[in-house]
Amino acid sequence: MAFTIKVNGNSHNLDVDGDTPLLWVLRDVLGMTGTKFGCGMALCGACTVHINGVATRSCQTPIDGIGKSEVTTIEAIGGTVAGAKIQKAWLDHEVAQCGYCQSGQIMSASALLASKPKPTDADIDEAMSGNICRCGTYVRIREAIKLAAQASGKEG
Ligand code: FES
Ligand code: FES
């Protein structure tokens, strides 16, 4: 079937089955491999993207449900205010270890910071609870989100 989806501000015409997960459209059709496959069952968070700013598991998002929604991926998150702050904090705190989970972590953290510029520990726990890290970078992730939130505060 023919679909047109908007990813990172660009429209893409596709010819795929309607139940094709967004993850595979991004990776295999559009060649955007920053979004990762982990479990395929919405359990690990590796495939997290934003749909209209909301952190969403792309492995369980069929393409026929996207409609006119705006999809944002790790390739463009640095162009958003919250995403730029999160990425800088990630680098400053050297959060990543093997890195496999990190695009999903950054997408969840960016969605959190965009919606709650001053997240509490409980907000962070709730927003990040679905993103698994085999390398156990959770402490640095939390510190980096707080650092990014402080950067938000300084800019008022
Ligand atoms: S690959 Fe989507 S949540 Fe694990
Ligand atoms: S940094 Fe290795 S899985 Fe998270």
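Residues numbered from 1 in each chain as written. Chains lettered and ligands numbered in written order. Predicted model: local features only at pLDDT ≥ 70, side-chain atom pairs only at ≥ 80, totals over all residues. Heavy atoms only, no water.

Quick look at the overall build of the chain now. For the chain, the helix and strand inventory stands at 5 helices and 5 strands. Secondary structure elements of the chain, listed N to C terminal, follow the sequence β-β-α-β-β-β-α-α-α-α. Relative to the compact-globule value of 15 Å for 156 residues, the chain shows a C-alpha radius of gyration of 15 Å, a close match. Considering only C-alpha atoms, the chain reaches an extent of 45 × 35 × 25 Å along its principal axes. Considering the chain as a whole, with its 156 residues, one finds that 44% of them fall into the buried category. A separation threshold of at least 6 residues defines the contact pool for the chain, and within that pool the share at least 24 residues apart is 57%. Split by element, the accessible area of the chain, about 7900 Å² in all, is 53% carbon and sulfur. (Helix = DSSP H or I, 4+ residues; strand = E, 2+ residues; numbered from the N terminus. Rg over C-alpha atoms; globule rule 2.2 N^0.38 Å. Buried < 20%, exposed > 50% of the residue type's maximum accessible area, 1.4 Å probe, protein only. Contact = heavy atoms within 4.5 Å. Areas by Shrake-Rupley, 256 points an atom, 1.4 Å probe, with all protein chains shown as cover.)

Bringing the packing of aromatic side chains into the picture now. The final tally for this structure, using the stated rule, is 1 aromatic pair. Where Trp24 meets Phe37, the ring centres are 5.3 Å apart and the plane angle is 45 degrees; that geometry is what we call tilted. Separated by 13 residues along the polypeptide, Trp24 in helix H1 (residues 22-29) and Phe37 in the loop between H1 and strand S3 (48-51) bring together distant segments of the chain. (Phe/Tyr/Trp six-rings, centres within 6.5 Å; stacked < 30°, edge-to-face > 60°.)

Let's shift gears to the pattern of salt bridges. Evaluated as defined, the whole model comprises 6 salt bridges. Notably, a salt bridge pairs Lys116 with Asp123, separated by 3.2 Å at the nearest N-O pair. Between Asp121 and Lys146 there is a salt bridge whose closest N-O contact spans 2.9 Å. Residue Asp121 is found in helix H4 (residues 121-128), and its partner Lys146 is found in helix H5 (residues 138-154); the two are separated by 25 residues along the sequence. Using a relative accessible area of 34% as the deciding quantity, one classes Asp121 as partly exposed. Bridged by salt links that share partners, the residues Asp121, Asp125, Arg142 and Lys146 form one connected network. (Salt bridge = Lys/Arg side-chain N within 4 Å of Asp/Glu carboxyl O.)

One can describe the packing of helix H3 (residues 102-115) onto H4 by two numbers: an axis separation of 9 Å at closest approach and a directional angle of 135 degrees. Taken as axis vectors, H3 and H4 run oblique relative to one another. Here H3 runs over H4; the crossing is right-handed. Contacts from Gln105, Ser108, Ala109 and Leu112 in H3 reach Asp123, Ile124, Ala127 and Met128 in H4. Partitioning the contact of H3 with H4 into residue classes produces 5 nonpolar, 2 polar and 1 charged. (Axes fitted to C-alpha atoms, helices over the stretch in contact; angles between N-to-C directions. Parallel < 35°, antiparallel > 145°, perpendicular 65-115°, else oblique. Left-handed = near helix turned anticlockwise from the far one by under 90°. Nonpolar A, V, L, I, M, F, W, Y, C, P; charged D, E, K, R; others polar.)

Partitioning the chain into structural domains gives domain 1 (2-72) and domain 2 (77-155). Summarising the inter-unit geometry, the C-alpha centres of domain 1 and domain 2 are found 21 Å apart. Between domain 1 and domain 2, the contact holds 15 residues from the first and 11 residues from the second. Interface of domain 1 and domain 2: buried area, both sides summed, is about 960 Å²; carbon and sulfur atoms make up 53% of it. Where domain 1 touches domain 2, the interface holds 0 salt bridges. Counting across the domain 1 and domain 2 interface gives 7 residue pairs in polar contact (both at pLDDT 80 or more). If you list the elements that add at least two residues to the side of domain 1 that touches domain 2, you get S3 and strand S4 (54-57). Broken down by element, the side of domain 1 that touches domain 2 gets its largest block of residues, 3 residues, from S3. Of the residues assigned to the side of domain 1 that touches domain 2, the class counts are 6 nonpolar, 7 polar and 2 charged. (Domains from an automatic or database assignment. Buried area = accessible area lost by both parts, 1.4 Å probe. Polar contact = N/O pair within 3.5 Å; in protein donor to acceptor, adjacent residues only side chain to side chain.)

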